[in-house]
Amino acid sequence: MPDFARRIPVGRYRGLHPVTKAILAMVGAIVALGVRGWTGPAVVLAAVVLSGALAGVLRRMALFALATIPLVVSILLVNTFLYPNARDAIVTVGPLSPTWTGATAALQATMRVVAFGMSAAVFALTTPIDDLLTELERRGLGRRGAFVVGSALGAIPRMVERAREVVDAQRARGLDTEGGPWRRFKGLVPLLGPVILGALGEVEERTMALEARAFTAPGRRTLLRRLPDSRRQQLARWLLLLGSICLVVVSLSGVVKLP
Amino acid sequence: MTAAGSPAGSAAWGSTAAVPSIELEVVSFAYPDGTRALSDVGLRIEAGESVAIVGQNGSGKSTLVRHLNGLLRPTAGRVLLDGRDVRRIHVARLAGLVGLAFQNPDRQLFASRVSAEVAFGPRNLGIRGPELDERVQAALADTGLGAEAATNPYDLGYSRRKLLALASVLAMRTPILVLDEPTTGQDARGVARVRDVVARAAGEGRTVIAISHDMRFVAESFRRVVVMREGRVVLAGAPDVVFGEAAWPELGAAYLEPPLAAVAGARLGLGATPTESAFVTAVGRRRGGATAGGAGAE
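Residues numbered from 1 in each chain as written. Chains lettered and ligands numbered in written order. Predicted model: local features only at pLDDT ≥ 70, side-chain atom pairs only at ≥ 80, totals over all residues. Heavy atoms only, no water.

### With respect to the overall build of chain A
No. 1: Within chain A one finds 10 helices and 0 strands.
No. 2: Put simply, chain A runs from its N terminus to its C terminus through helices and strands in the order α-α-α-α-α-α-α-α-α-α.
No. 3: Against the compact-globule benchmark of 18 Å for 259 residues, chain A has a radius of gyration of 23 Å, which places it well outside the compact range.
No. 4: A burial count over chain A gives 35% of its 259 residues as buried.
No. 5: Put simply, of all contacts in chain A between residues at least 6 apart along the chain, 74% involve residues at least 24 apart.
No. 6: A total accessible area of about 15,700 Å² is found for chain A, and carbon and sulfur atoms account for 69% of it.
No. 7: Taking the 32 positively charged and 16 negatively charged side chains of chain A as two groups, their mean positions are separated by 9 Å. (Helix = DSSP H or I, 4+ residues; strand = E, 2+ residues; numbered from the N terminus. Rg over C-alpha atoms; globule rule 2.2 N^0.38 Å. Buried < 20%, exposed > 50% of the residue type's maximum accessible area, 1.4 Å probe, protein only. Contact = heavy atoms within 4.5 Å. Areas by Shrake-Rupley, 256 points an atom, 1.4 Å probe, with all protein chains shown as cover. Lys, Arg positive; Asp, Glu negative; His and termini not counted. Charge placed at Lys NZ, Arg CZ, Asp CG, Glu CD.)

The structure is reproduced here in structure tokens:
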């Protein structure tokens, strides 16, 4: 199906212009990571849960939350046990003494990471990447830039699909991908080899296929797909972006103390 | 069925007597995104049978064969090997029973030498030493890759890589051999090689199952053809039945065409799987008739 003939997304959140959704995700990241205290991440978490519910992607967002687990675990362990200069020990067991200060900092950092991840998740789950690239290209990103961004993002699901097939192919040849850590480690080469080599080969093929279809021809592409935008959305984008930056500056400078 | 319980046990399955029968009991399968790929498939494949599975893209062929070695588990129904539910057997152990050569060789090749790639499967089954070497050499010889044992797999062309993937499964000497689109991308010589491999495996009493869109290959190399459409088995039988004129409407509904020989055979009254000599005789007879007793083609 040609790009311009695809259905325009509808719905309160999904129907927003892709640039608006990108700005919302960006603002979410800025506020979650930049505003001091609990307020920033808490507000962002509430907002993304609301957006996710509106867009009907709450359940799928859980998968993104799962992906943050390794980072969250590391944050919790490092901060709780190794927070510098913290003396308010919760308990002391041999050389280990987790502290309240560390635990609080760990929880706050965890909230920031999860809020940031969920903000990205709502965006990724509700925005067709082609739509975003079309709009960015319309705004002067350039064909090459759009291709680089698009192929990088598009490569992720392809890699996942490829990895799944590689795992199946190697298991069919008796590779045991379950069991102890050593067994799993030994299985990495047969799994990573075809995934990486295949991906490299694919990039080469895609590049040649693009060249064969006049990708580098001079002149501007005619973009037939047009997504509805509005003055209100344009204004809201600027206000959100500037507002979030101001909020971070105010929070960091200590002029306003947020809980 | 103790052989299924251990990789080393695969050797026991390697003998003709130990080839298990396969039975799919009302098997249905849906992918996590809800796509229903198999619906109430019932199929029995006897030990030592050679069966081709045909059907349009997306008809469920690959999904079906992935149930045979436990890569996919049915959402309903059972897959039985000699009456034993494969759900209870670990995939790595099933690999010693069911060798599956995937359609795309690039999804499995990783070693830096052809011989190492071929040795990967049997090594996982616990084969070592001279037996491993013998298996590798034999598989390479069977697929015509003997001279390329030291070559990097990625230096081979696509059709050779495909043969390499086939060799890597052959070396496992599983009692059941499943080939997914083995002739795709092969020239006439490659197809002939695949045909030889199928014939040899079937001759050894192993069960050979192949998915293919190459109807000529199917008609010439397999004793039974299973036609799938929209996740169901809609037709099954010997090639002369499945490719016979009476089945053409069903084949057409599955977006398949009988091989040219079957069409020509039907026109000449030779049945759906005419032999080459029957063709020559029939054409000669026709020509003879047309030229009123002129010299026949024979």
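### Notes on the overall build of chain B
No. 1: Each helix and strand counted, chain B has 12 helices and 10 strands in total.
No. 2: Its C-alpha atoms give chain B a radius of gyration of 21 Å, within 12% of the compact-globule value 19 Å for 298 residues.
No. 3: In terms of overall dimensions, chain B has a C-alpha envelope of 70 × 45 × 35 Å along the principal axes.
No. 4: Here chain B holds 298 residues, and 52% of them are scored as buried.
No. 5: Contacts spanning at least 24 positions in sequence make up 63% of the contacts within chain B whose residues lie at least 6 apart.
No. 6: Per element, the accessible surface of chain B, about 12,500 Å² overall, is 50% carbon and sulfur.
No. 7: Where the 33 positive side-chain charges of chain B centre and where its 30 negative ones centre are 2 Å apart.

### Some remarks on the domain arrangement of chain A
No. 1: Parsing chain A into structural domains produces domain 1 (11-127 + 229-253) and domain 2 (141-212).
No. 2: Each of domain 1 of chain A and domain 2 of chain A has a C-alpha centre, and these two points are 30 Å apart. (Domains from an automatic or database assignment.)

### Structural notes on the side chain of B:Ser168
No. 1: Examined against the element boundaries, B:Ser168 turns out to sit in helix H6 (residues 158-170).
No. 2: Setting aside anything within four residues of it in sequence, one finds B:Ser168 in contact with A:Arg173, B:Gln108, B:Glu117, B:Val118 and B:Pro122.

### Remarks on the nonpolar core
Residue and element names in this part refer to chain B.
No. 1: Judged by nonpolar contacts, the single largest core of 50 residues is most densely connected at Val118, Val227, Phe243 and Leu251.
No. 2: Looking at this core, the element that brings in the most residues is H6, giving 6 residues.
No. 3: Excluding anything up to four places from it in sequence, Val118 contacts Val136, Ala139, Leu140, Leu164, Ala167, Ser168 and Ala171.
No. 4: By size, the runner-up hydrophobic cluster in this structure holds 34 residues, among which are Ala37, Leu81, Phe102 and Val178. (Core = buried A, V, L, I, M, F, W, Y, C linked by side-chain atoms within 4.5 Å.)

### Considerations on the packing of aromatic side chains
Residues and elements named next belong to chain B.
No. 1: Inspection of the entire model under this criterion finds 3 aromatic pairs over all chains.
No. 2: An angle of 90° between the planes, with centres 4.8 Å apart, marks the rings of Phe29 and Tyr31 as edge-to-face.
No. 3: For Phe29, a relative accessible area of 7% puts it in the buried group.
No. 4: Seen in terms of ring centroids, Phe217 and Phe222 are 5.4 Å apart; in terms of plane orientation they differ by 85°. Their pairing is edge-to-face. Of the two residues examined, Phe217 and Phe222, each falls in the buried class. (Phe/Tyr/Trp six-rings, centres within 6.5 Å; stacked < 30°, edge-to-face > 60°.)

### Brief notes about the interface of chain A and chain B
No. 1: At the interface, 18 residues of chain A touch 22 residues of chain B.
No. 2: Between chain A and chain B the total buried area reaches about 1,800 Å² when both faces are included, carbon and sulfur atoms providing 59% of it.
No. 3: For the pair chain A and chain B, the interface holds 3 salt bridges.
No. 4: A salt bridge links B:Arg66 to A:Asp168, with the shortest nitrogen-to-oxygen separation between them at 3.4 Å.
No. 5: Our count for the contact surface shared by chain A and chain B stands at 6 residue pairs in polar contact (both at pLDDT 80 or more). (Buried area = accessible area lost by both parts, 1.4 Å probe. Salt bridge = Lys/Arg side-chain N within 4 Å of Asp/Glu carboxyl O. Polar contact = N/O pair within 3.5 Å; in protein donor to acceptor, adjacent residues only side chain to side chain.)

### Quick word on unusual backbone geometry
Residue and element names in this part refer to chain B.
No. 1: Located in the positive-phi region is Arg173, a residue other than glycine, with phi close to 50°.
No. 2: Looking at the element boundaries, Arg173 is found in the loop between H6 and strand S7 (176-180).
No. 3: Residue Arg173 is classed as partly exposed on the basis of its relative accessible area of 29%.
No. 4: Despite not being glycine, Glu181 shows a phi value in the positive range, around 50°.

### So, the pattern of salt bridges
No. 1: If you walk through the whole model with that rule in mind, you get 23 salt bridges over all chains.
No. 2: Between B:Arg87 and B:Asp85 there is a salt bridge, with the nearest N and O atoms lying 3.9 Å from each other.
No. 3: For B:Asp85, a relative accessible area of 9% corresponds to the buried category.
No. 4: Several salt bridges converge on common partners, so that one network encompasses A:Glu135, A:Arg138, A:Arg139, A:Asp229 and A:Arg237.

### Quick word on the sheet that holds strand S6 (residues 98-101) of chain B
Residues and elements named next belong to chain B.
No. 1: Read from one edge to the other, the open sheet built from 6 strands follows the order S6-S7-S8-S3-S9-S10, with strand pairing classed as mixed. One side of each edge strand has no neighbouring strand; the edge strands of this open sheet are S6 and strand S10 (232-237). Ignoring strand direction, the axes of neighbouring strands in this sheet form an average angle of 20°.
No. 2: Pairing of strand S9 (residues 224-229) with S10, which is carried by 5 bridges, proceeds in the antiparallel orientation. Among the inter-strand pairings, Arg229 is bridged to a residue of S10, identified as Arg232. (Pairing = 2+ DSSP bridges. Axes fitted to C-alpha atoms, helices over the stretch in contact; angles between N-to-C directions.)

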